[in-house]
Every structure is written in structure tokens, then in C-alpha cells.
Amino acid sequence: MTEIRVKLFDRLKIRDTNAKYPAMLLDLRDAEYWGFEVDNSHDQNATVSLIGGSVGVPGSAGNVGADVTVNSATVEPIATDIWLPFLGLKVAFATAPTSGEITITGFVKRKR
């Protein structure tokens, strides 16, 4: 199997409460396993939501799973058995952070 790691957010400093969409979605069309790792060093808890769809355009992806709270200054894995051709995570904060950043890495293990 081949493992692919993709940065959906790379050290993004968020200072508002608007939802942020990733630059890309994970391509799961020939995936066997997939998941995400969220590294939230902001001073506020982040709400991450699983999004996905049949095309790889983040803006056209819809909510497909429950929201998960990632506490400030923590790293959390996000695993799911939900499958769509393309999946990703969007991020929002209830209270605007004043410091820190967020990195979200998606990983895919492809079938041989």
C-alpha cells in the first residue's frame, strides 16, 4: 500500500469566527484507509466538521459527519468510516483566537 499525506491547512493563523475550508479535499476513490490529524495551537477550541462530495472542490462539499471539538493546544486524530470520493475538514471557532495556528494533515492508504 502507498501512503499519501496532504496538508489541508498548514500553520493557518485564524483570528475570526468564519468557517475556513481547506485548499483541497482528500481523494478517496481508491483508498483503503483514511483519516486526519488536527494540531490546534490556538488559544481557543476549534470545531472541525467532516465535509465531502463527489467532486474534489472544497466549496461544493457538504457536511457529512458530526462536528468534533479540538481543544486549544492539543493534537487530535480524526478517524471516520464515512466514505465519499472526496473528504476534508472545515474549521471554525466560536470565539476568535488571538494567538496560535492550526495544521490539519489528511492521510490516505491506497489499495494496491
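Residues numbered from 1 in each chain as written. Predicted model: local features only at pLDDT ≥ 70, side-chain atom pairs only at ≥ 80, totals over all residues. Heavy atoms only, no water.

*Asks:* How should I be thinking about the overall build of the protein chain in this particular structure?
*Replies:* The number of helices and strands found in the protein chain is zero helices and eight strands. Along its sequence from the N terminus, the protein chain presents helices and strands in the succession β-β-β-β-β-β-β-β. Its C-alpha radius of gyration of 13 Å places the protein chain within 12% of the 13 Å reference for a compact globule of 112 residues. Sorting the 112 residues of the protein chain into buried and exposed places 38% on the buried side. Long-range pairs, those at least 24 residues apart, make up 82% of the contacts in the protein chain between residues at least 6 apart in sequence. Accessible surface computed for the protein chain: about 6,000 Å², of which carbon and sulfur atoms make up 49%. The positive charge centre, built from 12 side chains, and the negative charge centre, built from 13, are 5 Å apart in the protein chain. (Helix = DSSP H or I, 4+ residues; strand = E, 2+ residues; numbered from the N terminus. Rg over C-alpha atoms; globule rule 2.2 N^0.38 Å. Buried < 20%, exposed > 50% of the residue type's maximum accessible area, 1.4 Å probe, protein only. Contact = heavy atoms within 4.5 Å. Areas by Shrake-Rupley, 256 points an atom, 1.4 Å probe, with all protein chains shown as cover. Lys, Arg positive; Asp, Glu negative; His and termini not counted. Charge placed at Lys NZ, Arg CZ, Asp CG, Glu CD.)

*Asks:* Explain unusual backbone geometry here, please?
*Replies:* Working note: non-glycine residues mostly have negative phi, and peptide bonds are mostly trans. One non-glycine residue, Arg-11, lies in positive phi territory at about 55°. Here Arg-11 lies in strand E1 (residues 2-12). Assessed through its relative accessible area of 53%, Arg-11 is described here as exposed. At Ala-73, a position not held by glycine, the phi torsion is positive, near 55°. Position of Ala-73 relative to the elements: it lies in the loop between strand E5 (62-70) and strand E6 (74-79).

*Asks:* So what exactly am I meant to see when it comes to the environment of Thr-95 here?
*Replies:* Mapping Thr-95 onto the fold places it in the loop between strand E7 (86-92) and strand E8 (102-110). For Thr-95, a relative accessible area of 45% gives the class partly exposed. Separated by 88 residues in sequence, Thr-95 and Lys-7 have C-alpha atoms that sit 24 Å apart. Beyond its immediate sequence surroundings of up to four residues, Thr-95 is in contact with Thr-17 and Gln-44.

*Asks:* Explanation requested: the sheet that holds strand E2 (residues 26-27) in the structure shown.
*Replies:* Sheet strands pair via backbone hydrogen bonds, and the direction of the pair is either parallel or antiparallel. Ordered by their spatial adjacency, four strands build an open sheet running E2-E7-E4-E5, and the pairing between neighbours is antiparallel. Of all the strands in the sheet, just E2 and E5 have a single pairing partner and so form its edges. (Pairing = 2+ DSSP bridges.)

*Asks:* Is there a simple way to explain the pattern of salt bridges in this structure?
*Replies:* Any two side chains of opposite charge can pair, on the condition that their charged atoms come close. In this structure the tally under the stated criterion is six salt bridges. We note a salt bridge from Glu-3 to Arg-5, for which the minimum N-O separation is 3.2 Å. A residue is classified by how much of its surface remains accessible, and Glu-3, at 39% relative accessible area, is partly exposed. For Arg-5, a relative accessible area of 57% corresponds to the exposed category. For Glu-101, the salt bridge goes to Lys-13, with nearest N and O atoms at 3.1 Å. Of this pair, Glu-101 sits in the loop between E7 and E8 while Lys-13 sits in the loop between E1 and E2, placing them 88 residues apart in sequence. A residue is classified by how much of its surface remains accessible, and Glu-101, at 18% relative accessible area, is buried. Among the residues examined, Lys-13 registers a relative accessible area of 52% and is labelled exposed. Overlapping salt bridges, with partners in common, bring together Arg-11, Lys-13 and Glu-101 in one network. (Salt bridge = Lys/Arg side-chain N within 4 Å of Asp/Glu carboxyl O.)

Purely geometric numbers; function is a separate question.
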